[in-house]
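Chain by chain, the residues:
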Amino acid sequence: MVTRIVSGVIGATVALAVILWGGVLGVTLATAVLAGVAVFELLRAAGFTMRDRIPAVAAASASLVCLLVNGALVLVLAALYLLYVMAESVMRHEVLTPERAALKVLLPAVAVSGFAAVAALRAGGADGLFYLFLVLVIPWLSDTGAYFTGMCCGKHKLCPVISPKKTVEGFVGGIVVSVAASALTGYLYILLCGHDVAINWLSLLIAAAVGAPLSVCGDLFASVVKRRYGVKDYGNIMPGHGGVMDRFDSVLPVAIWLLLWVQFWPIV
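In this text, all values refer to a predicted model and were calculated from it rather than measured experimentally.

Some thoughts on the overall build of the chain
- Regarding its fold elements, the chain presents 10 helices and two strands.
- Helices and strands in the chain line up, N terminus first, as α-α-α-α-α-α-β-β-α-α-α-α.
- Here the C-alpha atoms of the chain give a radius of gyration of 19 Å, agreeing with the 18 Å that 2.2 N^0.38 yields for 268 residues.
- Each of the 268 residues in the chain was classed as buried or not, and the buried ones make up 43%.
- At a minimum sequence separation of 6, the contacts of the chain that also span at least 24 residues come to 71%.
- Of the roughly 13600 Å² of accessible surface on the chain, a fraction of 74% belongs to carbon and sulfur atoms.
- Distance between charge centres in the chain, computed from 17 positive and 13 negative side chains, equals 7 Å.

Brief notes about the packing of aromatic side chains
- What the rule picks out here adds up to eight aromatic pairs.
- Ring geometry for Tyr81 and Tyr84: centres 6.2 Å apart, planes at 35 degrees, overall tilted. In this pair, Tyr81 and Tyr84 both sit in helix H4 (residues 72-91), three residues apart, roughly one turn of the helix.
- A relative accessible area of 11% places Tyr81 in the buried class.
- Summarising the aromatic geometry, the rings of Trp261 and Trp265 are spaced 5.7 Å apart at their centres and angled 50 degrees between planes, so their arrangement reads as tilted.
- Relative accessible area serves as the criterion here: at 16%, Trp261 is assigned to the buried category.
- Here Trp265 falls in the partly exposed class, since its relative accessible area comes to 31%.
- Aromatic ring contacts, followed pair by pair, group Phe115, Trp140 and Phe248 into a single cluster.

Remarks on the nonpolar core
- Counting 62 residues, the largest nonpolar core has Val39, Leu64, Phe115, Phe130, Val135, Leu258 and Ile267 as its most contacted members.
- In terms of residue count, the dominant contributor to this core is helix H5 (residues 98-122) (11 residues).
- The residues touching Leu64, leaving out its near neighbours within four places in the chain, are Thr28, Thr31, Ala32, Ala35, Val112, Phe115, Ala116 and Ala119.

Concerning the state of the cysteines
- Per the counting criterion, the structure on display carries zero disulfides.
- Of the cysteine sulfurs around Cys153, a residue in no disulfide, the closest is that of Cys152, at 6.1 Å.
- Given a relative accessible area of 40%, Cys153 falls into the partly exposed group.

Focus: the environment of Ile175
- If you trace the backbone, Ile175 turns up in helix H7 (residues 168-192).
- Along the backbone, Ile175 and Gly145 are 30 residues apart, and their C-alpha atoms lie at a distance of 7.6 Å.

Here we look at the pattern of salt bridges
- A full pass over the atoms with the stated rule returns seven salt bridges.
- Here Arg92 makes a salt bridge to Glu88, at a shortest N to O gap of 2.7 Å. Summarising the burial analysis for this pair, Arg92 and Glu88 share the class buried.
- The salt bridge partner of Lys226 is Asp246, with a shortest N-O separation of 3.2 Å. Here Asp246 lies in helix H9 (residues 244-248) and Lys226 lies in helix H8 (residues 201-229), a separation of 20 residues in the sequence. Side by side, Lys226 and Asp246 carry an identical accessibility label, which is buried.
- Here the salt bridges share partners, and the residues they tie into one network are Asp52, Glu88, Arg92 and Lys104.

Rules used throughout
Residues numbered from 1 in each chain as written. Predicted model: local features only at pLDDT ≥ 70, side-chain atom pairs only at ≥ 80, totals over all residues. Heavy atoms only, no water. Helix = DSSP H or I, 4+ residues; strand = E, 2+ residues; numbered from the N terminus. Rg over C-alpha atoms; globule rule 2.2 N^0.38 Å. Buried < 20%, exposed > 50% of the residue type's maximum accessible area, 1.4 Å probe, protein only. Contact = heavy atoms within 4.5 Å. Areas by Shrake-Rupley, 256 points an atom, 1.4 Å probe, with all protein chains shown as cover. Lys, Arg positive; Asp, Glu negative; His and termini not counted. Charge placed at Lys NZ, Arg CZ, Asp CG, Glu CD. Phe/Tyr/Trp six-rings, centres within 6.5 Å; stacked < 30°, edge-to-face > 60°. Core = buried A, V, L, I, M, F, W, Y, C linked by side-chain atoms within 4.5 Å. Disulfide = S-S within 2.5 Å. Salt bridge = Lys/Arg side-chain N within 4 Å of Asp/Glu carboxyl O.

Have a look at this one:
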């Protein structure tokens with residue numbers, strides 16, 4: 001428990017430093033590292049060799065760095081990686097079956113698209129910092145709310161095969177806490193922001209109400225992969241917490257959702 005608390009405090013301190021003082025450059029470079037590590041963890045969990053992991057990790061990190069230059073380059077890298085896997089599946093067809101080749105594309109795509117969305121939200125103008133905090137508040141407070149609600153009154157299992165401890169009551173409680181925490185984040189942003197802002201409260205509440213269930217979906221998807229391949233944790237970068245995917249599995253779908261949502265109905 002002590003190890004978990006210490007590593008959590010250190011991780012939170014580093015994250016806050018990057019978020020508050022790293023700017024767009026710092027956040028983008030941080031997500032590039034996180035995306036590379038997440039891809040490495042996912043492919044390792046699925047039983048891919050180092051030969052399979054290295055090109056995927058390189059493409060993942062490079063994709064995030066490309067956001068600093070030209071976002072269109074991300075699509076170019078994604079297309080090149082897809083062509084690479086297709087060619088490799090032909091040359092190594094006895095080992096890299098169509099199912100394994102598809103998995104080699106899907107798993108990196110999940111991590112890269114999620115972390116790219118995080119970087120894009122931060123780079124989205126003067127209010128990027130608010131969106132960055134929101135993309136973390138929605139999933140992490142949903143998880144916290146679900147945990148305590150489930151402990152207090154959880155009776156009905158949500159997905160007993162995938163995640164035995166999750167309950168329907170906890171799921172609902174997590175959504176309520178996440179929406180409330182998101183509203184509080186908006187209120188604090190109005191108080192602390194250095195420029196005049198107007199929050200679209202209905203847009204914010206809808207974004208959080210949809211984002212919270214999506215965060216659970218991300219967590220369950222990561223659990224499906226671990227259970228399929230008999231892995232307990234994706235890594236041990238943060239002792240007591242696991243790897244990057246163990247910490248950010250719920251953040252990735254929320255980031256993608258929030259990036260899409262604010263294109264049509266901005267919150268700020």
